[in-house]
Amino acid sequence: MVDLSQLNPRQREAAKYIDGPLLVLAGAGSGKTSVITRKIAYLIGSCGIKAHHIAAVTFTNKAAREMKERVSSLVGKGGAKGLTVSTFHNLGLNIIRFENKTAGYKPGFSILDQDDCKGIIRDVMHREHGDDGDMIELVQNAISSLKNDLIEPHQAIEMATSPQEMMIAQTYEVYQRMLRAYNAVDFDDLIMVPTLLFMKHEEVLARWQKKIRYLLVDEYQDTNTSQYELVKLLVGHRTGLTVVGDDDQSIYAWRGAKPENLSLLKKDFPTLKLVKLEQNYRSTGLILNAANRVIDNNPHEFEKKLWSDKGYGDPIRILKCRNDEVESERIATEIVERRLRYGCGYKDFAVLYRGNHQSRVIEMKLQAYQVPYKLSGGQSFFGRNEIKDIMGYLRLLINPSDDAAFLRIINTPRREIGPTTIEKLSEYAAMRGISMMSATTEMGLEQMLMPKAVDRLRRFGHWLENITKNAYTDDPVAAIKEMIADIDYEGYLLQNSGTPNQAERRMKNVWFLIDSVNKMIEKADEVGEEVTIEDAVGKLILRDMMEQQEQEDETDQVQLMTLHASKGLEFPHVYIMGMEEELMPHRNSIEADTIEEERRLMYVGITRAKRTLALTYAGKRRQYGEAITTTHSRFLDELPPDDITWEGRDESSEEEKKQRGQETLSSLRNMLADF
DNA sequence: CCCGGAATTCTTTTT
DNA sequence: GAATTCCGGG
């Protein structure tokens, strides 16, 4: 029997209700993860549902991993065997992989990230419309929305009502054809393709419905139309559905999330039961109160009043600093000092910010004080050129049709194959209807290219063919290592990095990547699962499993991340920096009038804090290299004045003057450093 | 075709 | 200030 005694009555009700579709409205810190994990344990342990018939879907790999661990600790490793806990995208990947024939893809298909897709769209638009570059982003977003709404190219063309829409639809059509030709999918396809597959092929849907008998969805307010459709299809007319969400934490509308999916649920599942979790177990009273006050400024569909029986706790502090460097300096020194005062670890502190670029200054200061930190999220790892290069090689290894990967690496490192040669090769490949990779070894090339160029292409083609053969017949990791040695990537880095030191660090990233592939294959071997190199590369692009390693060497480090990335996490002590107009709320959001979503982001940030919360802003900030004067964020004015202490707000106040007098020396230094 | 320096653009947020 | 793109001379 599964122990549900640690849950409060509402939570227990949510965990035990399995007779129909259930919506759990779970406020921040109300223990929703406990409910989901215990419900899964309950389904397995008390309802006799086999783990492999249960699927739980979340939005981040981190959340998925944590959930799986917690379920395992409740029911034991054996009990959780076969349980699916994954992101929507990973579930979609598995479905496409399994059904690749029906879906029209070959086994080693690639997953393209935004950069790759953008490149393709740029090509298409250039070719079809002779367009210069500034519509690309718009078109890419438009195509993404179309896919999120499950609209296929031919429908988009029918629906187009303006020349611009027509242009987008046509670009979409060609783009999608190219993806097919490359044997590739983009992130949106990972959801759209399975959903359309389910709609068009009853037997496929039946197979997955048979497999997944109980579905749980976390962070439901973040689902987009296609994800919701996928959920509906999987559940069908059955009752095995629990979704958990909080409309106040909807912060992904910009990428197609439809928080109204929460209320749509009532329509689509008339027997839907609603359970609200309103007791917060995370934050002190003052923090929770502040969060409630901020979010009160937004309209609400679902009434919800979060309460806590924890004490009031420390007041929330707002710190004004002279400039962004002082701001970071302040946070860094406080962390050093408070760690000793509270006797807690570095890991108990989190510094949150609106945009990834803001991490630089705080990183510098933390380094100066030798404070260990962990920067999470950002494309820091996968955005790195060396990683994109090697991923390009890996992708080409498992999918020779992947022209996007081919283009990335054909002349990296330098093989003296320039734009002219590539242009001609591409022309030839298009003419013959084959991939660029297979075109390299064709005989017909002589007619179009200089013998020298043909020779270079051929050498490359045969070389990679050979490596590919080794990867499939021999030890794949050894083949990859051989490949990297062959191209002397290390030498290339040494040549092209600023300092040898930098080159070394980049090379370490590469080895880390290879090690990830290795670990994944080894790990699969242990469990007796068959994981191919295709799986490994696919998951890598979805950023799955990188974090697994990060987690292994989890140490005592200050957590640095964006507000978005902080959702779902909690920390004893939280700093939110850059609380300034145009930054938080972000300028684009002010212009686009999406302040409400920014406010929810603020709400998410505040509710991460368990014990103390400090909000900081800088009077002057460096932006694009020059100093600008800032105004403090409007959200600061929405906090309950009685519960907060301002520091350094009024330059001319008595206290400030006194302080200034006391720190002549340091202020002199600051003035010198003050731009 | 490559290299180096100059000019330019650029920053939301993520799977 | 950094990263990308542009441009002219080997």
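Think of each chain on its own: its residues are numbered from 1, step by step along the sequence as written. Labels are handed out in written order, letters beginning with A for the chains and numbers beginning with 1 for the ligands. Where local features are concerned, this predicted model is filtered to residues with pLDDT of at least 70; where side-chain atom pairs are given and counted, the filter is 80 or more; whole-chain, interface and lining totals use all residues. To obtain the side-chain values, all non-hydrogen atoms of the structure were included, while hydrogens and water were left out.

Undergrad: What is the right way to read the protein's contact with DNA strand B from this model?
TA: The immediate surroundings of DNA strand B are formed by 27 residues, with Gln114, Arg354, Asn356, His357 and Gly418 found nearest. Taking all atoms of DNA strand B within 4 Å of the protein, the share assigned to sugar and phosphate is 44%. We define a polar contact as two N or O atoms separated by no more than 3.5 Å, with the added condition that, inside protein, one atom must be a possible hydrogen donor and the other a possible acceptor, whereas residues neighbouring each other in sequence contribute only through side-chain atom pairs. Residue threonine 421 places a side-chain N or O atom 3.5 Å away from a phosphate oxygen belonging to DNA strand B. Secondary structure elements follow DSSP: runs of H or I no shorter than four residues count as helices, runs of E no shorter than two count as strands, and numbering proceeds from the N terminus. Only α19 (419–432) and α28 (587–591) provide two or more residues apiece to the surface near DNA strand B. When residue character is reported, Ala, Val, Leu, Ile, Met, Phe, Trp, Tyr, Cys and Pro are called nonpolar, Asp, Glu, Lys and Arg charged, and the others, Gly included, polar. Partitioned by chemical class, the residues of the surface near DNA strand B number seven nonpolar, 15 polar and five charged. Whether a residue is near a molecule or strand depends on its heavy atoms: if one lies within 4 Å, it is near.

Undergrad: Would you mind showing me how to read the packing of helix α1 (residues 9–16) against helix α2 (residues 32–45) here?
TA: The relative placement of two packed helices is expressed as an angle between their axes plus a distance between the axes. The axes used here are C-alpha line fits, helices contributing only the stretch in contact, and every angle between their N-to-C directions lies in the interval 0 to 180 degrees. One can describe the packing of α1 onto α2 by two numbers: an axis separation of 8 Å at closest approach and a directional angle of 45°. As judged from the angle between their axes, α1 and α2 are oblique. As for the relative orientation of α1 and α2, their crossing is right-handed in sense. Of α2, the residues touching α1 (which contributes Gln11, Ala14, Ala15 and Lys16) are Val35, Lys39 and Tyr42. Looking at the contact of α1 with α2 residue by residue, the class counts come to four nonpolar, one polar and two charged. Orientation is classified from the angle alone, with under 35 degrees giving roughly parallel, over 145 giving roughly antiparallel, 65 to 115 giving roughly perpendicular, and any other angle giving oblique. Helix crossings are classified by the rotation of the near helix relative to the far one: an anticlockwise turn of less than a right angle makes the crossing left-handed, while a clockwise turn makes it right-handed. Only heavy atoms enter the contact rule, under which two residues are in contact if any of them lie within 4.5 Å.

Undergrad: Honestly, the packing of aromatic side chains in this entry has me stumped. Any pointers?
TA: In this description, a pair of aromatic rings is defined by centroid distance and the angle of the planes. Two rings from Phe, Tyr or Trp (for Trp, the six-membered ring) form a pair when their centres are within 6.5 Å of each other. A pair whose planes differ by under 30 degrees is stacked, one over 60 is edge-to-face, and the rest are tilted. Per the stated rule, a full pass over the model turns up 10 aromatic pairs. Between tyrosine 252 and tryptophan 254, the aromatic rings sit 5.8 Å apart at their centres with planes inclined by 45°, giving tilted as the arrangement. The rule is simple: take the accessible area with a 1.4 Å probe, protein chains only, and divide by the maximum for that residue type; under 20% is buried, over 50% is exposed, in between is partly exposed. Exposure remark for tryptophan 254: the relative accessible area of 57% places this residue in the exposed category. Their ring planes at 80° and their centres at 6.4 Å tell us that tyrosine 617 and tryptophan 646 sit as a pair that is edge-to-face.

Undergrad: Just to check I follow, could you spell out the UniProt feature "binding site: ATP" (unreviewed entry) in chain A for this structure?
TA: The sites that UniProt annotates as "binding site: ATP" (unreviewed entry) are Ala26, Gly27, Ala28, Gly29, Ser30, Gly31, Lys32, Thr33 and Arg282. On the basis of their most widely separated C-alpha atoms, the annotated residues across 257 residues gather in one place, lying no more than 13.0 Å apart. Structurally, arginine 282 is set in the loop between β8 (273–277) and α14 (285–295). Contact partners of arginine 282, with chain neighbours within four places excluded, come to Ala28, Gly29, Lys310, Leu569, Glu570, Thr607, Arg608, Ala609 and Lys610. UniProt positions are given in the numbering used here, feature names are shortened, and annotations may be inferred rather than shown by experiment.

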